[in-house]
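What follows is each chain in one-letter form.
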Amino acid sequence: MHATTQLLRDLVVIPSVNPMGRPLQGPELFEHRVTDFLEKYFRALGVRYERQPTQPLRDNIVAYFEPPGATRTFVFEAHQDTVPTDNMTIDPFAARIESGRLYGRGACDIKGGMAAMLVAFARLVRERPSGAARVVMACAVDEEFTFLGVHRLAQDDLSGGRGHPVEAVVAEPTSLDIVNTHKGAVRWHLTTHGQSCHSSRPELGVNAIYLMAQVLPHVAAYAELLRTTRIDPLLGPATLSVGRIDGGTSVNTVADRCQIEIDRRLVPGESGEAAVADFADYLRGLVPGNVRYECSEPWLSSPALSPELSADVTARLGRAIDAVRGSHRVLGVPYGTDASKLALAGIPSVVFGPGDIARAHTADEWVPLDEVEQASEILYRLAVGG
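Here is a short report on the structure shown in this document. Quick caveat: nothing in here was measured; it's all calculated off a predicted structure. Counting starts from 1 at the beginning of each chain's written sequence and moves along it residue by residue. The model is predicted, so local features are restricted to residues of pLDDT at least 70 and side-chain atom pairs to those at 80 or more, both for listing and for counting; the totals for chains, interfaces and linings are taken over all residues. Calculation of side-chain values draws on the structure's entire complement of heavy atoms; hydrogens and water are dropped beforehand.

### Regarding the environment of Ala107
Helix and strand definitions follow DSSP, with helices as H or I runs of at least four residues and strands as E runs of at least two, each counted in order from the N terminus. Here Ala107 lies in helix α3 (residues 107-127). The buried label goes to any residue with under 20% of its type's maximum accessible area, the exposed label to any with over 50%, and the partly exposed label to all in between, with areas taken from a 1.4 Å probe on protein chains only. Taking the relative accessible area as the measure of exposure, Ala107 reaches 0% and is therefore buried. The sequence separation of Ala107 and Val13 amounts to 94 residues, and the corresponding C-alpha distance is 9.8 Å. Excluding anything up to four places from it in sequence, Ala107 contacts Leu8, Val12, Leu102, Gly112, Glu365, Trp366 and Val367. We call two residues in contact when some of their heavy atoms are within 4.5 Å.

Following this line, the structure appears as structure tokens:
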């Protein structure tokens, strides 16, 4: 069994479910079991490493390959968390192998990419090839929800005080192509306020759910306006979507509150704060005066990734891919990653990894094992040629 396959199995059988803000309970939650596994892995390699606490049971772990005379640093970054396992049609933690695929929660997003990075990192440590770059192997928490881990990671001088160039490769399923630009996201709540009373006399109250029904057509109209007025030539239009709605306390009580959760995807050049303000300004002139509502401050704001700074790492990684696979594409994608937060900290960053994003978060999530092996070889070549 290839080293990447064995390591991927070891990672998938360890649950590291991000509750995503939901009131979930159970032994599968949070990343600490994976972090403990990684600590043993790095200790066995004999490299310097550190744990970076962010919240209880949620530590980044960062290890260092530091060859003498290195003139640049590559950050290999992968997140430890997965989305929940609701409605999966397979055992999420069995790590079943069939027809060249490994199945399980996180296999595609992104433990396959993590395994590829870890095996490349371990090979660098063992072989210590001449001329290799310094490599920071960073395994972050909470990428799937609020990016706690990468925000903590980005506070450090990842050059280790050396002052030489630092570039990052962030693991996500790209089918071994390079993603050098992607959308950002900002998320917030909109709440309507009514007055509760007994449902036998609804005329004595004000139903916040009915008030929300008056707001939602304007939200939908604004979403359509975005699609036709804010368009990036590579990524397409900015978008807005209502993903959750919650209101009322019981069926026999008129609801005094209703809340929706809004996801707004940003294109390069937009800020989350400005996007929320623009939305609020639009509604202010259209929602009837009798509707009491408010927009919260954003609970998540993640910038878009621009391709402007990453030409060098894109070219270097492209040469390594071509040496293994013969060709590659450079793409823009609509989803977000940790790469934009590293780029905001001044680190040119691209996204790369095995697997297809269409398989991420699915009921039978899987990753092709040959792509995991190839990804590891590509990353090793990047570090040696860097």
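After presenting the structure, the write-up continues.
### What to know about the packing of helix α7 (residues 311-325) against helix α9 (residues 369-385)
As a packed pair, α7 and α9 sit with axes 8 Å apart at the nearest point and diverge in direction by 130°. Between α7 and α9, the angle is such that the two are oblique. Where α7 crosses over α9, the two elements pack in a sense that is right-handed. Note on element contacts: α9 touches α7 through Gln374, Glu377, Ile378, Arg381, Leu382 and Gly385, opposite Arg316, Leu317, Ala320, Ile321, Ala323, Val324 and Arg325. Residues belonging to the contact of α7 with α9 are distributed by class as follows: 7 nonpolar, 2 polar and 4 charged. What counts as an axis is a line fitted to C-alpha atoms, over the stretch in contact for a helix, and the angles between N-to-C directions run from 0 to 180 degrees. In this scheme, roughly parallel covers angles under 35 degrees and roughly antiparallel covers those over 145, while 65 to 115 is roughly perpendicular and the rest are oblique. Crossing chirality is assigned from the near helix's rotation relative to the far helix, an anticlockwise turn below a right angle marking it left-handed and a clockwise turn marking it right-handed. Only Asp, Glu, Lys and Arg are considered charged in this grouping, and only Ala, Val, Leu, Ile, Met, Phe, Trp, Tyr, Cys and Pro are considered nonpolar; every other residue, Gly among them, is considered polar.

### Some words on the nonpolar core
By nonpolar core we mean a set of buried residues, namely Ala, Val, Leu, Ile, Met, Phe, Trp, Tyr and Cys, connected to one another through side-chain atoms within 4.5 Å. With 57 residues, the main nonpolar core has Phe42, Phe121 and Val169 as its most contacted residues. Here this core gets 14 residues from one element, more than from any other, and that element is α3.

### Notes on the side chain of Asp59
Considering the arrangement of structural elements, one finds Asp59 in strand β2 (residues 58-65). When residues no more than four places from it in sequence are discounted, the contact partners of Asp59 are Thr35, Arg51, Gln52, Pro53, Thr54, Gln80, Cys139 and Val141.

### Focus: the pairing of strand β9 (residues 184-193)
Extensive coverage of β9 is indicated by the burial of 8 of its 10 residues. At least two bridges found by DSSP between two strands is the condition for calling them paired. In the sheet, β9 pairs with strand β13 (residues 257-266) via 10 bridges, with the strands oriented antiparallel. Along β13, the bridge assignment pairs Val186 with Arg264. As defined by bridge partners, β9 adjoins strand β15 (residues 300-302) across 3 bridges and the pair is classed as antiparallel. Residue pairing in the sheet places Ala185 in a bridge with Ser302 of β15. Sheet topology note: the β9/strand β14 (residues 292-295) ladder contains 4 bridges and is antiparallel. When the sheet's bridge partners are listed, Thr192 is paired in β14 with Tyr293.

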